[in-house]
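One-letter residues, chain by chain:
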Amino acid sequence: MFTERLTHTPTFEDAVRRIQSGEPGILSRVPLETIFDRCALLEAVASDYDGSLVPESQWKGLGIFLSPERRAAETRDREWYWQQTHGGNLKATSMTDRDWLHGDLVVKNQLATEGAWAANTISRLGVDRVTRQQVEQVGRSLTPRAGAIDLLGLFEQRVIISFGVEQVIEAWLAAYAADLQTAVAATRLTFDDTNVINGCHMQIVVSATKEHAANRFRRIANIHEDRLLVLGDSTVDVHMMRPDGGVNVLIVPPTEGDKKLKDFRDNNLQSMWGNLTLILVSDDLTPLVNLIQEARSARSAAV
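For the structure given in this document, a descriptive report is provided here. (Residues numbered from 1 in each chain as written. Predicted model: local features only at pLDDT ≥ 70, side-chain atom pairs only at ≥ 80, totals over all residues. Heavy atoms only, no water.)

### Considering helix H1 (residues 12–21)
Taken together, the buried positions of H1 are Phe12, Ala15, Val16 and Ile19. End-on view of H1: buried residues confined to an arc of 105°, all on one side of the axis. In this fold, the buried residues of H1 make contact with strand S2 (25–28), helix H11 (257–266) and strand S10 (278–281). Where H1 terminates, the next one or two residues include Gly22, which has phi positive at roughly 75°. (Buried < 20%, exposed > 50% of the residue type's maximum accessible area, 1.4 Å probe, protein only. Helix = DSSP H or I, 4+ residues; strand = E, 2+ residues; numbered from the N terminus. Arc of directions from axis to C-beta. Contact = heavy atoms within 4.5 Å.)

Have a look at this one:
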């Protein structure tokens, strides 16, 4: 019998109040009587990586190989980006200000900025002669979120879509889910003859690429929308979700409730509320695994 706390939160405001309470559970935008039917049909999964399948950041893991000087430059890039995307109103300026353009990130240039950020990071890793073996070491060091491997194992078709590094995720899969053939959409590093990073594939994967990658997965794997689970942890991941989707889930660890709610408000999750099915308020993906397994069992018993 399914014993997880499952609560109907039809509006964005209802969900915000439940997240603010800090109580673990599963919040459903749609009527509860439809959830089991939706979950029973699921056959494929498209998942984010950092913050979803693992609680840690792969970029932070790669950063340990940078020299102090380049690590500080990396921190400045990251802080500038987050200040621009979550910092509120544009600052006042004039044409005598050398940063009259460079000081503010506009939405239409965000894709280019994220590509430059990734390229800067990869260049620094190359300068510090980070190797393929060290990149793969980062993947093996990232602990799966509880329930993550069980969740991937529920499906025949799987893809991980990440604003991260392909080889990190592939090493993680080889270490923790070697028997699960899983496609990866992430930036692909290139290496020289000594296995030192020397660049990346031109197809850099950034936040806006996620929607394209999810749609390509749907098309190539011939996934019917009502058979697809999409999992993420931020509003960026909601763009991978469709309002007519099977089950679309955001995970919100209770200790990160305030941080996640700020992201939701800053990036206007309310306008995309119809894309979501569930919010999992938990550090653990096991409640979602249990829900899907229970739904499948109930469907099999009814046949």
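Still more ground to cover, so stick around.
### Examining the packing of helix H4 (residues 68–86) against helix H5 (residues 110–127)
For the pair H4 and H5, interaxial distance at closest approach is 10 Å and the crossing angle is 170°. One element, H4, and the other, H5, form an angle in the roughly antiparallel class. Residues Arg70, Ala73, Glu74, Asp77, Arg78, Trp80, Tyr81, Trp82 and Thr85 of H4 form the contact with H5, whose participating residues are Gln110, Thr113, Glu114, Trp117, Asn120, Thr121, Arg124 and Val127. (Axes fitted to C-alpha atoms, helices over the stretch in contact; angles between N-to-C directions. Parallel < 35°, antiparallel > 145°, perpendicular 65-115°, else oblique.)

### A short note on the sheet that holds strand S1 (residues 6–8)
One open sheet accounts for eight strands, arranged S1-S2-S10-S9-S8-S3-S4-S5; its pairing is mixed. Edge positions in the sheet fall to S1 and strand S5 (183–187), since each of these pairs with one other strand and no more. The mean angle between the axes of side-by-side strands here comes to 20°, regardless of whether they run parallel or antiparallel. The pairing of S2 with S10 spans four bridges and is antiparallel. (Pairing = 2+ DSSP bridges.)

### A short note on the packing of aromatic side chains
For the structure shown, the criterion picks out six aromatic pairs. A centroid spacing of 5.9 Å and a plane angle of 90° characterise the contact between Trp117 and Phe163, whose relative ring orientation is edge-to-face. Linking Trp117 in helix H5 with Phe163 in strand S4 (residues 157–165), this pair joins segments that are 46 residues apart in sequence. Each member of the pair, Trp117 together with Phe163, is buried. Their ring planes at 50° and their centres at 6.1 Å tell us that Trp172 and Tyr176 sit as a pair that is tilted. Highlighted residues: Trp172 and Tyr176, both in helix H8 (residues 166–176), separated by four residues, approximately one helical turn. Judged by its relative accessible area of 0%, Trp172 falls in the buried class. (Phe/Tyr/Trp six-rings, centres within 6.5 Å; stacked < 30°, edge-to-face > 60°.)

### Overview of the packing of helix H2 (residues 32–40) against helix H12 (residues 286–302)
Pairs of packed helices are described in terms of their axes, by the angle between the two and the distance that separates them. Where H2 meets H12, the closest approach of the two axes is 8 Å, and the angle between their N-to-C directions is 85°. Classified by the angle their axes make, H2 and H12 are roughly perpendicular. Within the contact between the two elements, H2 uses Ile35, Phe36, Cys39 and Ala40 and H12 uses Leu291, Ile292, Glu294, Ala295, Arg296 and Arg299. Among the residues making up the contact of H2 with H12, the classes are represented as seven nonpolar, no polar and three charged. (Nonpolar A, V, L, I, M, F, W, Y, C, P; charged D, E, K, R; others polar.)

### Notes on a nonpolar patch on the surface
Together, Met95, Trp100 and Leu101 make up an exposed nonpolar region whose accessible area comes to about 360 Å². Turning to its location among the elements, Met95 is positioned in the loop between H4 and H5. (Patch = residues over 30% accessible without salt bridge, like charges linked within 9 Å, V, L, I, M, F, W, Y side chains within 5 Å. Areas by Shrake-Rupley, 256 points an atom, 1.4 Å probe, with all protein chains shown as cover. Salt bridge = Lys/Arg side-chain N within 4 Å of Asp/Glu carboxyl O.)

### Section: the side chain of Asn275
One can find Asn275 in the loop between H11 and S10. Exposure remark for Asn275: the relative accessible area of 17% places this residue in the buried category. Excluding residues within four positions of it along the chain, Asn275 makes contact with Val238, Met241, Arg242, Pro243 and Asn248.

### Comments concerning the pattern of salt bridges
Under the defined criterion, the tally for this structure stands at 15 salt bridges. Between Glu23 and Arg5 there is a salt bridge whose closest N-O contact spans 3.7 Å. Of this pair, Glu23 sits in the loop between H1 and S2 while Arg5 sits in the segment before S1, and the two are 18 residues apart along the sequence. Overlapping salt bridges bring together Arg5, Arg18 and Glu23 as one network.

All quantities given are derived from atomic positions and should not be read as evidence of function.
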